[in-house]
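# A structural walkthrough
Spelled out from the first residue to the last, the chains are:
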Amino acid sequence: MKNFFKKLLKFTGYAAATLLILLAVIVGLFRLFLPRLPEYQDQIKAWASDAIGMQVEFSGMNARWGLSGPELEFYDAELLRLDNEIRVVAADRVGIGVDVGKLLFESAFVVDHVAIRDTTVEVRQLEGGGWWVQGVALDELPMRESGGGAIEDITLVGEDIVIQFLQPQDVRPRVFRVPRAQVDVDERRLAFDANVRLPDDLGRQVRVSATQLLDLPPGERSWDIMLDGDGLSLEGWAKLHPVSRELVAAGEGDIEVSLVVADRSIRHATAGIDLFDVRLVGGADFEIGGRIEFDRSADSWLVAAEQLVIATADHAWPASSLRAEAGTDADGGIEMLDLRASYLNLDDSVLLLPVLPQERREQLATLAPSGEIRGLGVTVSGLDGEAVAFRVEAELDNVGVAAGDERPGMRGFTGYINGDRAGGRLELRSRNLLVELPQAMDEPVDIAGASGTLLWRRSGERTTILSDGIDIANPVFDSRSSFELILNANGAAPNVDLTTTYRIGDVNEMLRYLPRNVMKEKLYNWFQNALVAGSIERGTVRLRGALDKFPFDDGEGRFLVEGTARNLTFRYQQRWPAAEQVDMDIVLDGMRLYSVRNRSSHLGNVAVDANIEIADLRNPVLTIDALTTGTLETLRRFATQSPINRFTGGNLERLSMAGEASFKLDLTVPLRDGKSTTVDGLLRSNNGRLEIAGLGAPLTDFIGEIQITRDAITGDSLGARFLGEEVS
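The paragraphs below set out a description of the structure included in this document. Sequence order sets the numbering: in each chain, residues are counted from 1 along the sequence as written. Totals for whole chains, interfaces and linings use all residues, but because this is a predicted model, local features are given only for residues with pLDDT of at least 70 and pairs of side-chain atoms are given and counted only at 80 or more. The basis for the side-chain values is all heavy atoms of the structure; hydrogens and waters are excluded.

### Comments concerning empty space enclosed by the protein
What counts is decided by this rule: Here a cavity denotes a set of grid points, spaced 1 Å apart and computed over the protein atoms alone, in which a 1.4 Å probe fits but from which it cannot get out, and a pocket denotes an open set meeting protein on both sides within 12 Å along at least five of seven lines; residues with an atom within 4 Å of a point are reported as lining. Grid points are joined across faces, edges and corners, and a volume is the space filled by probe spheres set on the points. A run of H or I in DSSP becomes a helix once it reaches four residues, and a run of E becomes a strand once it reaches two; helices and strands are each numbered from the N terminus. Under the grouping applied here, Gly and all other residues not named as nonpolar or charged are polar, the nonpolar ones being Ala, Val, Leu, Ile, Met, Phe, Trp, Tyr, Cys and Pro and the charged ones Asp, Glu, Lys and Arg.
Applying the stated criterion to the full structure yields 1 cavity of 30 Å³ or more. As a volume, the largest cavity reaches approximately 150 Å³. Along its surface, the largest cavity is lined by 17 residues, and Y572, S600, H602, I624 and A626 are the ones closest to its centre. Those elements that place two or more of their residues in the lining of the largest cavity are strand 29 (579-589), strand 30 (592-602), strand 33 (621-631) and strand 35 (660-670). Per-class residue counts for the lining of the largest cavity are 13 nonpolar, 4 polar and no charged.

Laid out in structure tokens, this is it:
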């Protein structure tokens, strides 16, 4: 065994000595060859041209033995196209290295290294979108056309390169400086690396690297590209393209991008961004950071963000993750969509407005979404068919959208949703909720608290939404509702079964919640004037039936609102004294509003169980049938503050009266035409006393009935004593 290792060591030594001797011979020959280089200048030009695929011209040359082997340097060199001799590159120096291995073992001069130093390249963007490089159209740039010289493994190096970039309308070029760029090619891969120092208006620098594996079939090859930009100016870069120029107004920061490009499209991309003072045209400043990923295949695409942080002047996102994944058909249409987000602030959707198409921009601006969403998960499938399936889960915090012409709006919705097409639940936990119903009312409904749980379940063509307890309250009212709502997929009207109990602290404050936009204007104004003060201690609402049959004139359903009012001030007609300290049971049955159980005071006169009614709110006519008891004096005061005083020519003010009496009033007030009001009053007196100003003695033992209408005042069975004598 020892003899074997000795022989192996001896053989290795001989081989190394032989190799050193060969290198020494080659170096010696190279040194002998150097003084005679000028004699072979034309041959060297031809060889170099064949080796790199372009015609090489130079004014002088030199040769040396570098670390990697023999090298040739050309001074004032030019690389020309072979077909038309147009200059592609002019450089102070161009160096060519020779593969020493090929030289030693195959006696072949093969270029393995080309270095271009101190050159300027002009890149020009044309009006029509094309490009020129050194005055040559991009698609006409020379590719290597070898005349027999082989390029196998080669390294191309550029040093101190100046790129002058011009766009249409540019007076002066933007200058990019490349201290070093390198391209490495071997049988397995092609790699490019460069460091670019940017013009001041674009930032500091960009590092670029790109790799393509060559041992794959051409149809399967792709480019792996890395871009790392430091101190970039978003405004400057945006000005390079007419579209981005209209979008980006300011911003700077660092961007690191990794791309996989195949078939002239991006298959995969990741980007690390750290940007601040970003402002889109017409928008507010914000900061954004995180890592973004994009991936696309033949039947799907994915967009995701990790550690995403967005900060504006008044708030900042926690580090968040977002993910949108879609399955597509052969034409690129979406068949399935899956959305995930740990956090979303909908207020920041305004930051997207400038980048959206005009139609989408208007839609988003009209919706004006707000609030925060956490733990969002939405999956929608079957988008290419009729049976769309979905799954949704999210925590909502003060979420809302603005109202539109035909769309209600809401602000401050807080709760949790979890469900799918088959069923689910929505939990309400809202504080300071604001509901806008522009189709019904001018003012929004402010709700201090809304809580409860809604469930939904689907069975065949029907979806049922139900709850056994939804609590709604604010300083004016509070309520608790249970309901069942059935939605029919066949187009039939929704069917509802609702029961609500409620309390109203101040009926006058409650008036602002009346649906003004669906009420007759004069009816709305009557309610505003009629309900001056008071409360409803307890009330109920019952709504049952198909909503297209509302208000159920033919009995197909039921709409019934009942309430017990306390301490109500009721001004039923502007010219009549208001009813005070009213206790009233109010009933709205369909479109009929009425009360038959009540007690009220009218300037000291008391009415019990008056019949008060508006038979049809769609054609509102107020009727009051009341019997009021009091004294002749309290009834006189009541009459003097009503239209009755006008009927008497104001003579009631000349009277002074005493004694018990009653007054039966039949009043009809068409709310659309107050001038058509009719009055039929009957005054009854027994043992009354009447004094008339200017008449020396009073009437005593006044008895009988007086009929009062708009047209006449008549008496029946009237009797009294005057100066001790009976009169009639």
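And the narrative resumes.
### Focus on helix 9 (residues 632-640)
We count it as follows: For every residue, the accessible area obtained with a 1.4 Å probe (protein chains only) is divided by the maximum for its type, and the residue is called buried under 20%, exposed over 50%, and partly exposed between those limits.
The buried fraction of helix 9 amounts to 7 of the 9 residues, a majority that puts the element mostly inside the structure. Those residues of helix 9 that fall on the buried side of the exposure criterion are L632, E633, T634, L635, R636, F638 and A639.

### With respect to the pattern of salt bridges
Convention followed: Salt bridges are identified by distance alone: a Lys or Arg side-chain nitrogen within 4 Å of an Asp or Glu carboxyl oxygen.
This model, assessed by the stated rule, comprises 37 salt bridges. Between D442 and R516 there is a salt bridge; the shortest N-O distance is 3.9 Å. Of this pair, D442 sits in the loop between strand 22 (423-436) and strand 23 (445-459) while R516 sits in the loop between helix 7 (507-510) and helix 8 (521-530), and the two are 74 residues apart along the sequence. Its relative accessible area of 55% is what places D442 among the exposed residues. Given a relative accessible area of 35%, R516 falls into the partly exposed group. With a closest N to O distance of 3.4 Å, D666 and K664 form a salt bridge. A network of salt bridges, in which partner residues are shared, links E395, R425, E427 and R429.

### With respect to the environment of T119
For clarity, the cut-off: Should any heavy atoms of two residues lie within 4.5 Å, those residues are considered in contact.
Examined against the element boundaries, T119 turns out to sit in strand 5 (residues 111-125). The class of T119 is buried, set by a relative accessible area of 5%. Sequence separation between T119 and E78 is 41 residues, and the spatial gap between their C-alpha atoms is 10.0 Å. When neighbours within four sequence positions are excluded, T119 is seen to be in contact with V89, A90, A91, D160, I161 and V162.

Nothing here speaks to function; it is geometry throughout.
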